[in-house]
Amino acid sequence: MSTAPVAPTQIPIMRPYLGVEEERAAAEAVASGWIAQGPRVAEFEAAFAARLGAAHAVAVSSCTTALHLALVVAGIGPDDEVVVPSLSFIATANAARYVGARPVFAEVDLATACLTPATVEAALTPATRAVIVVDQAGMPADVDAIRAVCEPRGVVVVEDAACAAGSTYHGRPVGADALLAAFSFHPRKILTTGEGGMVVTSDASLAERLVLLRQHGMSVSAADRHAAGGAVIEQYLEVGFNYRMTDIQAAVGLVQLGRLDEVIARRRHLAGRYAAGLSDVAGILLPADPPWGTTNHQSYWVTLPEQVADRRNDVMQVLAEQGISTRRGIMASHLEPAYEGHPHAALPVTERLTNGSLILPLYHELSEADQDRVIDAFRNALEDLS
Ligand SMILES: *Cc1c(COP(=O)(O)O)cnc(C)c1O
């Protein structure tokens, strides 16, 4: 027996929850011979729409491509302004750029880290044609209140629900009633297909155009042509894209979707343990359900007390030295080189959140013992800095 000291196990920030069922489903898709977009994608779309209670779901290659297509079908183009939170993964702002529109960075609320009707209203101009509302790290934004500000002015609300599968809004799944909502299946999110995304929509004609655009504007899908048996000549009705999901991904997604309730229940349990272990730290801000819904806690971000907010990177370093991975808070697009020189209003809340918060480990198989190690190490780090 070695007597060498054992290094504490590494605690990652996130680990996707995948089992033999996903392995088997992917292998079956490969064995079927149908590996590109086909029957499993159609099945995944139907199952996802049913789980959300949404009218239509269109699978695509990522949430980034989902947001791009959502803006195309919403008719957004050059010279239009699209209000977005700067505080978001950069794909939110980039989607506006893909259609030639100008992203306008709006401020977020300190408690939810989401846009609010007031911050959206402050960013509207006569050129505003759309708003992309982000359900931040799974936290549902108050979309109906924002729609009430936007829709009378002809401004379309698109929901970036990348992280929000299974979060709820007024008792229903996020996206259930959305005109256009985009979801991600990247491994950092609540469900994964490796890479992948989904657009849900309440509008049948928008769904039809989304399907067309994700497959080169082609009038007949490969699956339909195959099913028809006889000769089918397709047409290309407009300039589209190749934003398809594969059947291998959809096979994994179908299994993952079946785990959604279990995954969210576990995360909410662990988030409750973080809240119990940290809420007495003076000045700390923790993510909590807003009055209008429930979060799936895709990420657990903690905003440091103001007096130590500028020591965030030191806290992360101290935790890293103890084998605990953390991440900076949600990024702010206006601070990235890609948006250098892009004009924007003052964004003090966004800057406080991005600079003064960090994301703690949270994933399905995080043990309570490991979580307690995180809580203790984090509390000690804060005490040492105070
Ligand atoms: C992850 C994420 C995206 C991008 O999702 P992909 O599927 O990786 O393209 C977009 N918006 C938000 C808010 C995200 O968190």
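Residues numbered from 1 in each chain as written. Predicted model: local features only at pLDDT ≥ 70, side-chain atom pairs only at ≥ 80, totals over all residues. Heavy atoms only, no water.

A word on the environment of S61
- Locating S61 in the fold gives a position in the loop between β1 (56-60) and α3 (63-73).
- In this structure the C-alpha to C-alpha distance between S61 and A369, which are 308 residues apart in sequence, comes to 37 Å.
- Not counting residues within four places of it along the chain, the set of residues in contact with S61 comprises E195, G196, G197, Y243, R244 and M245.
- Here T65 takes part through its side chain, which lies 3.0 Å from a polar atom of the side chain of S61. (Helix = DSSP H or I, 4+ residues; strand = E, 2+ residues; numbered from the N terminus. Contact = heavy atoms within 4.5 Å. Polar contact = N/O pair within 3.5 Å; in protein donor to acceptor, adjacent residues only side chain to side chain.)

Considerations on the pattern of salt bridges
- For the coordinates displayed, the defined rule picks out 17 salt bridges.
- The salt bridge involving R268 is made with D289; its shortest N-O contact spans 2.7 Å. Here R268, found in helix α10 (residues 260-278), pairs with D289, found in the loop between α10 and β10 (293-294); they are 21 residues apart in sequence, far enough to count as distant.
- Judged by relative accessible area, R268 falls into the partly exposed class, the value being 31%.
- Here D289 falls in the partly exposed class, since its relative accessible area comes to 33%.
- Salt bridges sharing partners connect three or more residues here, namely E21, E22 and R259. (Salt bridge = Lys/Arg side-chain N within 4 Å of Asp/Glu carboxyl O. Buried < 20%, exposed > 50% of the residue type's maximum accessible area, 1.4 Å probe, protein only.)

Quick word on unusual backbone geometry
- The backbone of D79 shows a phi angle near 75 degrees, a positive value even though the residue is not glycine.
- Checked against the element boundaries, D79 lands in the loop between α3 and β2 (81-85).
- Unlike most non-glycine residues, A113 shows phi in positive territory, near 65 degrees.
- The residue A113 is located in the loop between β3 (102-106) and α5 (117-123) in this model.
- We classify A113 as buried; its relative accessible area is 1%.

What about helix α11 (residues 312-321)?
- The complete set of buried residues in α11 reads R312, V315, M316 and L319. Within α11, the buried residues cover an arc of 100 degrees as seen down the axis, which keeps them to one side. Turned more than 90 degrees from where α11 packs its buried face, N313 and E321 sit exposed.
- Against β12 (327-328), α12 (348-356), β13 (357-360) and α13 (368-385) lie the buried residues of α11.
- Trailing α11 by a residue or two, G323 shows a phi angle of about 80 degrees, which is positive. (Arc of directions from axis to C-beta.)

Re the site of the ligand
- With respect to spatial proximity, 15 residues lie near the ligand, and among them C63, T64, D160, S184 and K189 are the closest.
- Contacts to the ligand include C63, whose backbone N or O atom sits 2.9 Å from an oxygen atom.
- Here D160 contributes a side-chain N or O atom positioned 2.8 Å from a nitrogen atom of the ligand.
- Compared with its free state, where it exposes 390 Å², the ligand has 90% of that area covered by protein. (Near = heavy atom within 4 Å. Areas by Shrake-Rupley, 256 points an atom, 1.4 Å probe, with all protein chains shown as cover.)

A look at the domain arrangement of the protein chain
- Looking at the assigned domains, one finds that the protein chain contains domain 1 (20-257) and domain 2 (260-385).
- Between domain 1 and domain 2, the contact holds 41 residues from the first and 38 residues from the second.
- When the two sides are added together, the surface that domain 1 and domain 2 hide from each other amounts to roughly 3,300 Å², 61% of it contributed by carbon and sulfur.
- Ranking the residues of domain 1 by area buried against domain 2 places F105, L110 and I190 at the top, with a combined share of 20%.
- Across the contact surface, domain 1 and domain 2 share one salt bridge.
- Measuring nitrogen to oxygen at the nearest pair gives 2.7 Å for the salt bridge that ties D261 to R51.
- Here domain 1 and domain 2 share 19 residue pairs in polar contact (both at pLDDT 80 or more) between them. (Domains from an automatic or database assignment. Buried area = accessible area lost by both parts, 1.4 Å probe.)

Some words on the sheet that holds strand β4 (residues 128-134)
- With mixed pairing, the seven strands of this open sheet are ordered in space as β1-β9-β8-β5-β4-β2-β3. One side of each edge strand has no neighbouring strand; the edge strands of this open sheet are β1 and β3. Geometrically, the sheet is characterised by an average inter-axis angle of 25 degrees between neighbouring strands, direction not taken into account.
- Along the sheet, helix α6 (residues 143-150) makes contact with β4 and β5 (156-160), crossing β5 at roughly 155 degrees.
- Here helix α7 (residues 204-214) sits on the sheet in contact with β1, β8 (180-184) and β9 (197-201), set at roughly 15 degrees to β1. (Pairing = 2+ DSSP bridges. Axes fitted to C-alpha atoms, helices over the stretch in contact; angles between N-to-C directions.)

Some points on the sheet that holds strand β7 (residues 172-173)
- With antiparallel pairing, three strands are arranged side by side in an open sheet as β7-β6-β10. The open sheet has two edge strands with one neighbour each: β7 and β10.

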